Amino acid sequence: MNNKIYTNTLFVAICAIICCALWGSATPFIKIGYELMIPHKDVSSIILFAGIRFFFAGFIITAIYCVIRKKIVYPKPENLFMVFKLSLFQTIVQYILFYIGLAYTSGVKATVISGANAFIAILVSSLVFRQEKLSAKKIAACIIGFAGIVVINLKGLNLNVNFIGDGFVLLSVVSAAISSSLIKRYSANEDTVILSGYQFMLGGIILVVIGFIFGGKVKLESALAFAVLIYLAFLSAIAYTLWGILLKYNPVSRVTIYSFMIPVFGVLLSQLMLPESSKVSSINLVITMILICSGIIMLNYNKNAYPKK
């Protein structure tokens, strides 16, 4: 495929929205998985569950890529430390912090804090990694998009703050933002698909070990439980690999701005699949979509792309 297609605005939008829809669908499926496999929902079992999921995600990515390439694929020896660092921020640190934080805060607050991912990713990319310039337009687009996340969660949002809960969720978002810049940097020297597959497998193994050490247990006692686990592994494999490819060929800000859509898909799909989920009013949903789409359009609009008549 011509590399120009990866920077095409429509292609980026479609692929990014597919990723966000897949990640958004993880919310109800994870909750269903907890009911089927982790009755007591303790943190060690949740970390073990995440480890199994991500190991299978990495295995799926790598196995499919081996078939496509018709050979065994693996990172270059000099890039093994890259795989470890990417796995550390993308899988290990991010999910340990997120799951511990989630145990001490509400799902609504976690969603709102996670919604800051695009803004933090742009700050990290601009100020820490110097991969792009920070502009007023980028900041404004992120503020508008983040406002949409707040609006859709207004009903259950409270302003009480605790460090272990809210702080750990915020730190997990910072870890995810760092991983976005790392995969952009490392994809210049290593195949993005290989990076994705091996970082997931490595991170998954480490999370499994941590979960076991602290007494975690996961029960795979039904076909439905196994199907849910496989679906979660597949969605991580597809979404993260596709997202990594978009990051390789585009500025971090242009891709991560779409992550404001993840909580929207999560809320909508949870309402469809989980009867206990609180309902979002139609007007809040409309306002949210207007704000998020306005932020996306603002960041992606380039007047120079449209020649004067």
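As the structure is a computational prediction, the values presented were derived from the model and not from experiment.

### Comments concerning the environment of glycine 211
Within the secondary structure layout, glycine 211 lies in helix α8 (residues 192-213). Residue class for glycine 211 comes out buried when judged on its relative accessible area of 0%. With near-sequence residues (within four places) excluded, glycine 211 lies in contact with Ser44, Ile47, Leu48 and Gly216.

### A word on the confidence of the model for the protein
Here the protein shows a mean pLDDT of 86. Residues at 70 or above account for 91%. Every residue in residues 305-309 scores below 50 in pLDDT, and together they form 1 contact with partners more than four places removed in sequence or on other chains.

### Digging into the packing of aromatic side chains
The geometry of an aromatic ring pair is captured by two quantities: the separation of the ring centres and the angle between the planes. Summed over all chains, the structure comprises 12 aromatic pairs. Relative to tryptophan 243, the ring of tryptophan 23 has its centre 5.1 Å away and its plane inclined at 75 degrees; by these criteria the two rings are edge-to-face. Taken together, the residues tryptophan 23 in helix α1 (residues 9-37) and tryptophan 243 in helix α9 (residues 223-249) connect sequence positions 220 residues apart. The same class applies to tryptophan 23 and to tryptophan 243, which are both buried. On the numbers, 4.4 Å between centres and 40 degrees between planes, the contact of phenylalanine 29 with tyrosine 231 is tilted. Of the two residues, phenylalanine 29 sits in helix α1 while tyrosine 231 sits in helix α9, which places them 202 residues apart along the sequence. A relative accessible area of 30% places tyrosine 231 in the partly exposed class. Feature note: the residues Phe54, Tyr95, Phe98, Tyr99, Phe200 and Tyr240 constitute an aromatic cluster, connected by ring pairs.

### Regarding the nonpolar core
Membership of the largest hydrophobic core comes to 82 residues, with the highest contact counts inside it found for Leu232, Trp243, Ile257 and Tyr258. Here the element with the most residues in this core is α1; it accounts for 14 residues. The residues contacting tyrosine 258, other than those within four sequence positions of it, are Val12, Ala13, Ala16, Ile17, Cys20, Trp243, Ile296 and Asn300.

### Describing the pattern of salt bridges
Enumeration over the complete set of coordinates arrives at 2 salt bridges. Notably, a salt bridge pairs arginine 69 with aspartate 191, separated by 3.6 Å at the nearest N-O pair. Residue arginine 69 is located in helix α2 (residues 43-69), and its partner aspartate 191 is located in the loop between α7 (163-186) and α8; the two are separated by 122 residues in the primary sequence. Relative accessible area serves as the criterion here: at 22%, aspartate 191 is assigned to the partly exposed category. Glutamate 132 is the partner of lysine 138 in a salt bridge, and the nearest nitrogen-oxygen pair spans 2.6 Å. Look at lysine 138 and you get buried, because its relative accessible area is 14%.

### A look at a nonpolar patch on the surface
Where nonpolar side chains cluster on the molecular surface, the patch consists of Ile64, Ile68, Phe234 and Ile238 and spans about 370 Å² of accessible area. Of all the secondary-structure elements, those providing two or more residues to the nonpolar patch are α2 and α9. Tracing the backbone through its elements, the reader meets phenylalanine 234 in helix α9. Relative accessible area serves as the criterion here: at 35%, phenylalanine 234 is assigned to the partly exposed category.

### Here's the deal with the environment of alanine 136
Relative to the elements of secondary structure, alanine 136 occurs in helix α6 (residues 136-152). For alanine 136, a relative accessible area of 64% gives the class exposed. In this structure the C-alpha to C-alpha distance between alanine 136 and tyrosine 65, which are 71 residues apart in sequence, comes to 40 Å.

### Looking at the packing of helix α5 (residues 117-128) against α6
For any two helices packed against each other, one specifies the inter-axial angle together with the distance between the axes. Packing of α5 against α6 brings their axes to within 9 Å, and their N-to-C directions diverge by 160 degrees. Between α5 and α6, the angle falls in the class roughly antiparallel. Relative to α6, the crossing made by α5 is left-handed. Facing Ala118, Phe119 and Ile122 of α5, the residues of α6 in contact are Lys138, Ile139 and Cys142. Residues belonging to the contact of α5 with α6 are distributed by class as follows: 5 nonpolar, no polar and 1 charged.

### Points about helix α3 (residues 80-102)
Residues that lie three or four places apart on an α-helix share one face, since the helix turns once every 3.6 residues. Taking 1.5 Å of rise per residue, the 23 residues of α3 would be expected to cover 33 Å, and the 31 Å separating its terminal C-alpha atoms lies within 8% of that figure. If you look at α3, its biggest bend is around 45 degrees, right at leucine 88.

Each value, and the rule that gives it
Residues numbered from 1 in each chain as written. Predicted model: local features only at pLDDT ≥ 70, side-chain atom pairs only at ≥ 80, totals over all residues. Heavy atoms only, no water. Helix = DSSP H or I, 4+ residues; strand = E, 2+ residues; numbered from the N terminus. Buried < 20%, exposed > 50% of the residue type's maximum accessible area, 1.4 Å probe, protein only. Contact = heavy atoms within 4.5 Å. pLDDT = per-residue confidence, 0-100. Phe/Tyr/Trp six-rings, centres within 6.5 Å; stacked < 30°, edge-to-face > 60°. Core = buried A, V, L, I, M, F, W, Y, C linked by side-chain atoms within 4.5 Å. Salt bridge = Lys/Arg side-chain N within 4 Å of Asp/Glu carboxyl O. Patch = residues over 30% accessible without salt bridge, like charges linked within 9 Å, V, L, I, M, F, W, Y side chains within 5 Å. Areas by Shrake-Rupley, 256 points an atom, 1.4 Å probe, with all protein chains shown as cover. Axes fitted to C-alpha atoms, helices over the stretch in contact; angles between N-to-C directions. Parallel < 35°, antiparallel > 145°, perpendicular 65-115°, else oblique. Left-handed = near helix turned anticlockwise from the far one by under 90°. Nonpolar A, V, L, I, M, F, W, Y, C, P; charged D, E, K, R; others polar. Expected span 1.5 Å × (residues − 1). Bend = angle between axes of the 7 residues up to and from the residue.

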